[in-house]
Amino acid sequence: MISLEQVQLLETRTAKAIEYMQILSAENSTLVSEKAGLHDKLEASQKRLDELEMLVLRFKEDQGRIEDGILAALDRLSQFEEAFENSLKEKNAVKKTSVKEPAASKEKIAPDETKKEFFEIKESETPNDEDEASAGPALPTEPIESDSSSDGELDIF
């Protein structure tokens, strides 16, 4: 038969089991609430991660456009430098040929005067013509280069 001690032991054990179940139930509810909080944090972090990834993509696109712009500017600068160097070479070549020509014709002209242009002022050939005489000397429309004149002298005004 069942004794009183066995019934009391069964009663204490069932009380302890009920107590453990209450404790476990409370822990379970706290874990569920923590899980919900962590899930919310995960979603917020995922949204932030997506935003940051979009920012990184935009940054990379902007950086690519900036690099393209810099490369285009450098290319234009190189073209400008080449054009400038070519114009300097052409000017040097023109100076060399213009300096060699007077030496070949045995006329002495200072190197800095080889490419200067002068305007010759012509006086009126007919002094009787009052309109031309009152207007003063006639100014030519074309520049005259100072390589040489008909009598071998330079025309300087």
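Residues numbered from 1 in each chain as written. Predicted model: local features only at pLDDT ≥ 70, side-chain atom pairs only at ≥ 80, totals over all residues. Heavy atoms only, no water.

1. Remarks on the overall build of the chain
Next up, step 1: Helices and strands together make up the secondary structure of the chain, namely 2 helices and 2 strands.
Next up, step 2: Taken from N to C terminus, the helices and strands of the chain fall in the order α-β-α-β.
Next up, step 3: In the chain, buried positions account for 4% of the 157 residues.
Next up, step 4: By sequence separation, contacts in the chain at least 24 residues apart represent 50% of the contacts at least 6 residues apart.
Next up, step 5: Summed over its atoms, the accessible surface of the chain is roughly 14400 Å², and 58% of this surface lies on carbon and sulfur atoms. (Helix = DSSP H or I, 4+ residues; strand = E, 2+ residues; numbered from the N terminus. Buried < 20%, exposed > 50% of the residue type's maximum accessible area, 1.4 Å probe, protein only. Contact = heavy atoms within 4.5 Å. Areas by Shrake-Rupley, 256 points an atom, 1.4 Å probe, with all protein chains shown as cover.)

2. Description of a negative patch on the surface
Next up, step 1: The grouping of Asp75, Glu81, Glu82 and Glu85 at the surface amounts to a negative patch.
Next up, step 2: Tracing the sequence through the fold places glutamate 85 in helix H1 (residues 4-104). (Patch = residues over 30% accessible without salt bridge, like charges linked within 9 Å, V, L, I, M, F, W, Y side chains within 5 Å. Salt bridge = Lys/Arg side-chain N within 4 Å of Asp/Glu carboxyl O. Lys, Arg positive; Asp, Glu negative; His and termini not counted. Charge placed at Lys NZ, Arg CZ, Asp CG, Glu CD.)

3. As for the packing of aromatic side chains
Next up, step 1: Within the structure shown, the criterion is met by 1 aromatic pair.
Next up, step 2: Measuring from centroid to centroid gives 6.4 Å for phenylalanine 80 and phenylalanine 84, while their planes differ by 20 degrees, and the two rings are stacked. Here phenylalanine 80 and its partner phenylalanine 84 are both found in helix H1, 4 residues apart, which amounts to about one turn of the helix.
Next up, step 3: Assessed through its relative accessible area of 45%, phenylalanine 84 is described here as partly exposed. (Phe/Tyr/Trp six-rings, centres within 6.5 Å; stacked < 30°, edge-to-face > 60°.)

4. Topic: the confidence of the model for the chain
Next up, step 1: When pLDDT is averaged along the chain, the result is 77; 62% of the residues meet or exceed 70.
Next up, step 2: Looking across the chain, the model is least confident in helix H2 (residues 130-135), with a mean pLDDT of 47, and most confident in H1, with 91.
Next up, step 3: Confidence drops under pLDDT 50 across residues 129-137; counting only partners more than four residues distant or on other chains, this segment forms 6 contacts.
Next up, step 4: Scored below 50 in pLDDT, residues 142-150 makes 22 contacts in the model with residues more than four places away or belonging to other chains. (pLDDT = per-residue confidence, 0-100.)

5. Description of the pattern of salt bridges
Next up, step 1: Inspection of every chain in the model, using the stated rule, returns 3 salt bridges.
Next up, step 2: The partner of arginine 48 in a salt bridge is glutamate 51, and the shortest N-O contact between them spans 3.5 Å. On the criterion of helical spacing, the pair formed by arginine 48 and glutamate 51 is a turn pair, its members being 3 residues apart in helix H1.
Next up, step 3: Given a relative accessible area of 45%, glutamate 51 falls into the partly exposed group.
Next up, step 4: For the salt bridge of arginine 65 with glutamate 61, the shortest nitrogen-to-oxygen distance reads 3.9 Å. With arginine 65 and glutamate 61 both in helix H1, this residue pair falls 4 residues apart, about one helical turn.
Next up, step 5: Look at arginine 65 and you get exposed, because its relative accessible area is 53%.

6. Concerning a nonpolar patch on the surface
Next up, step 1: On the surface, Ile66, Ile70, Leu71, Leu74, Leu77, Phe80, Phe84 and Leu88 cluster together to form a nonpolar patch covering roughly 800 Å² of accessible area.
Next up, step 2: Exposure remark for phenylalanine 80: the relative accessible area of 56% places this residue in the exposed category.

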